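These are the residues of each chain, in order.
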Amino acid sequence: MDQFKEAPNNPFDAPVPGQGMTDKPGNYPWEHPPQYTDTMEATEFVWDKLFKVVLKNLEYLCKI
């Protein structure tokens, strides 16, 4: 009776070929243009984000 046991993965449980072409564009982040195209702008954005966290942590440590 074990020969009729269902396999753990079903090869038919997959999207239909071309299904991604029928979805409405813009559903995923990679389907949008980049926010920053200049490397310096992107670097400054990341640096500012990280520096704010560091300053917040330093402020907290100074209060202790």
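Residues numbered from 1 in each chain as written. Predicted model: local features only at pLDDT ≥ 70, side-chain atom pairs only at ≥ 80, totals over all residues. Heavy atoms only, no water.

A.B. asks: I tried to follow the overall build of the protein on my own but got confused; where do I start?
C.D. replies: Across its full length, the protein carries one helix and zero strands. Classification of the 64 residues of the protein by burial places 0% in the buried group. Carbon and sulfur atoms make up 62% of the accessible area of the protein, which totals about 7000 Å². (Helix = DSSP H or I, 4+ residues; strand = E, 2+ residues; numbered from the N terminus. Buried < 20%, exposed > 50% of the residue type's maximum accessible area, 1.4 Å probe, protein only. Areas by Shrake-Rupley, 256 points an atom, 1.4 Å probe, with all protein chains shown as cover.)

A.B. asks: What should I look at first to understand a negative patch on the surface in this one?
C.D. replies: There is a patch of like negative charges on the surface, built from D38, E41, E44 and D48. Look at D38 and you get partly exposed, because its relative accessible area is 36%. (Patch = residues over 30% accessible without salt bridge, like charges linked within 9 Å, V, L, I, M, F, W, Y side chains within 5 Å. Salt bridge = Lys/Arg side-chain N within 4 Å of Asp/Glu carboxyl O. Lys, Arg positive; Asp, Glu negative; His and termini not counted. Charge placed at Lys NZ, Arg CZ, Asp CG, Glu CD.)

A.B. asks: Looking at this structure, how should I read a nonpolar patch on the surface?
C.D. replies: A surface patch of nonpolar side chains, about 760 Å² in accessible area, is lined by W47, F51, V54, L55, L58, Y60 and L61. Taking the relative accessible area as the measure of exposure, V54 reaches 41% and is therefore partly exposed.

A.B. asks: Quick question: what am I supposed to make of the packing of aromatic side chains here?
C.D. replies: Summed over the entire model, instances satisfying the criterion amount to two aromatic pairs. With 5.1 Å between their ring centres and 40° between their planes, Y36 and F45 make a pair best called tilted. For Y36, a relative accessible area of 28% corresponds to the partly exposed category. Look at F45 and you get partly exposed, because its relative accessible area is 34%. Geometrically, the ring pair formed by W47 and F51 is stacked, given 6.1 Å between the ring centres and 15° between the ring planes. With W47 and F51 both in helix α1 (residues 39-63) and four residues apart, this pair spans about one turn of that helix. (Phe/Tyr/Trp six-rings, centres within 6.5 Å; stacked < 30°, edge-to-face > 60°.)

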